[in-house]
Structure formats: C-alpha cells, structure tokens
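Structural overview
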Amino acid sequence: MFIKIQSDIPKFKCNACGSCCSHIRGIVPKEDGEFIRQHAFGKLPVVQLVPVERMTFPLWDWEAKRFAEWQDEVNVDAGIKPLRAILDLNSNKAIILTYFMDSETDACPFLMDGKCSIYHTKRAYVCRLFPFNRSPFTNQDGIKLKENLFGECGAMEHILPQVPNDFERMIKFLNEAFPDGSFLNAVQNDIVVEWANKTIIDLMKEKIIKPVMNQPYNFLLRRIGNADKIDFTDFLAESGYLIENKIQELIKRFDGNTDAAEKISQFAKSS
Ligand code: SF4
Ligand code: SF4
C-alpha cells in the first residue's frame, strides 16, 4: 500500500473577490511605470499613446480582436483603443502592438455584479496571470525580485511569506503553489513580451521597418493618429516576415503556454 505524501507548499486559491478586476486603470507596477515615463514617449521605436495614469492593462493585438468579439456577445462597450504603436516610415503606417480598454470607470467593463462576464473564454494574459505582475525569469534580483512579482491580492497572505528568496527554489515553489495556472501564464506572457521585442529589433535590422524616434511626443502622436493603422501580427504577414500559418501556429503556442511549460520543465531538470 502506498501512502500519499502531501507537499507542504501552500496552494493559492483565488477567492473571487473581484478586486483585481475592479481597479484596472493605472495598474502598472511602479518600476514599469517609471520605465514607460522615461522611455516610451518617443525615445524608443514603440510609442505609448496614453499617459500611464489613464492606461489599463495591455492586450496583445490577437487578444484585442477576441475582446472586440466578446464585447458584442455580452453587450458591453469595452472601449478598446490602441495603447502602443510603431510609426513606420517604410510602410507609412502606425503598427499597433498593444491595445487597452479605456474603461469609463476604474473597473474592467466586463466585470458585472462582481463577476467576469467572459470568464469562460480564453481571456487575456493579464487576466489569467494575476496575482502575478510578472514572472521571476525577467529579473533575477533576489529579495527585490520577490517583492515585485505580485500585485495586491488578499488571497496571497498565506503564500507570500513562504516564497523562497533563492531563485531555483522559488521557481519550484511557484510551480507547485499556483495550480490555477497563473504562474504558467505569467511566464508565458513574459516570453511573448520577449518575442515581440526581438521581432521588432529583427524587423529593424532587416530594414523591413524604420520607426520614427526622438521626435517631439505631440508630433509623434499626431502622425500616429493620422496614419493608416495595422495590427502587429497582421503587419508581420503583410510584410512577408512571417506567413499567416506560422503566425496562427505561434498564437496557438502562446495560448497553450507551450514555451512556459518547456522553460519550467527544463529549469526543473537542470536544477
Ligand atoms: S486574484 Fe486575488 S484580487 Fe483577484 S479576484 Fe482572486 S483573490 Fe481577488
Ligand atoms: S476580462 Fe474578466 S478577468 Fe479580465 S480584467 Fe475583465 S473582468 Fe477581470
């Protein structure tokens, strides 16, 4: 007879308080907000189109397309608008990297009677990764890293004090402590961010795009506002950088958290 050995790692359980969905405006980790303020208003290829205080969480273009369909299904105006764009001199287009929901209140427009009205769908990463702000793979900074990992969530009280400071132990702990998949979603979202950044650099190196940079912010905003718009993944197909099938494969891979699962399992093997 086998005796089942219980892991003593506590398990996160969302208590569905709705708090994270009630305050989505300006919900940017402090250090990310500082980075955006310093660099994203015209100094980098990707331009932030709204002030940090007004923005809500970013939606990748394929996520924004899904949200646009779901808003019709549940009869909600989600106020989906471009959040970050590249003004490309080669195509003369504004390439929209991410969108946001310009909610009339602080709350997500899909939140109804304290519940997510599209909970049954493949919601955006930012919906599925909370209480994480990010994964630990983006910054291996010991104790500081631990502090920056999570947003405010009442269900974290019994977990947070037990998160190890040591990086390797932390990964194993998080992998077990979040059976809801939020850890996997956070790792995958960071991998998607890395993919987007690398793809933009590659597009520039191959001279497929020539982003406008170091121009007055208001000038950039005006030019982007007047330019023809195209979503990032649509641009990748239109420019011939990736064929449509490959883009759909990539999105499927992202949706399935395939890269995150591989990364975590490789990590577990090597540690
Ligand atoms: S993740 Fe945390 S803040 Fe969000 S609904 Fe669950 S318990 Fe509340
Ligand atoms: S879509 Fe649903 S889960 Fe995502 S923020 Fe809105 S209410 Fe929350």
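For the structure, check the block above.
These remarks concern the structure in this document. (Residues numbered from 1 in each chain as written. Chains lettered and ligands numbered in written order. Predicted model: local features only at pLDDT ≥ 70, side-chain atom pairs only at ≥ 80, totals over all residues. Heavy atoms only, no water.)

Once that is clear, we can look at the nonpolar core. Inside soluble globular proteins, nonpolar side chains tend to come together where they are buried. Formed by 46 residues in total, the largest nonpolar core has its most connected members in Phe132, Phe150, Leu174, Phe178, Phe183, Trp195 and Phe232. The dominant element in this core, judged by the number of residues it contributes, is helix 7 (residues 182-205), at nine residues. With sequence-adjacent residues up to four places away left out, Phe232 is seen in contact with Asp61, Ile95, Ile96, Leu97, Trp195, Ala196, Thr199, Ile200 and Leu203. (Core = buried A, V, L, I, M, F, W, Y, C linked by side-chain atoms within 4.5 Å. Buried < 20%, exposed > 50% of the residue type's maximum accessible area, 1.4 Å probe, protein only. Helix = DSSP H or I, 4+ residues; strand = E, 2+ residues; numbered from the N terminus. Contact = heavy atoms within 4.5 Å.)

Our next topic: the site of ligand 2. Cys21, Phe57, Phe67, Cys108, Phe110, Leu111, Cys116, Ile118, Arg123 and Cys127 make up every residue found near ligand 2. Grouping the amino acids of the shell around ligand 2 by side-chain chemistry returns nine nonpolar, no polar and one charged. (Near = heavy atom within 4 Å. Nonpolar A, V, L, I, M, F, W, Y, C, P; charged D, E, K, R; others polar.)

Take the site of ligand 1 next. Around ligand 1, the structure places Cys14, Asn15, Ala16, Cys17, Gly18, Cys20, Phe130, Cys153 and Ala155. Counted by class, the shell around ligand 1 contains seven nonpolar, two polar and no charged residues.

Turning our attention to helix 10 (residues 244-255). The end-to-end C-alpha separation of helix 10 is 16 Å, in line with the 16 Å expected for twelve residues at 1.5 Å each. Here helix 10 has its buried residues at Ile247, Leu250, Ile251, Phe254 and Asp255. Down the axis of helix 10, the buried side of the element spans an arc of 135 degrees, and every buried residue falls inside it. For helix 10, the exposed residues lying more than 90 degrees away from the buried face are Asn245, Glu249 and Lys252. Backbone geometry just after helix 10 places Asn257 at a positive phi near 55 degrees. (Expected span 1.5 Å × (residues − 1). Arc of directions from axis to C-beta.)

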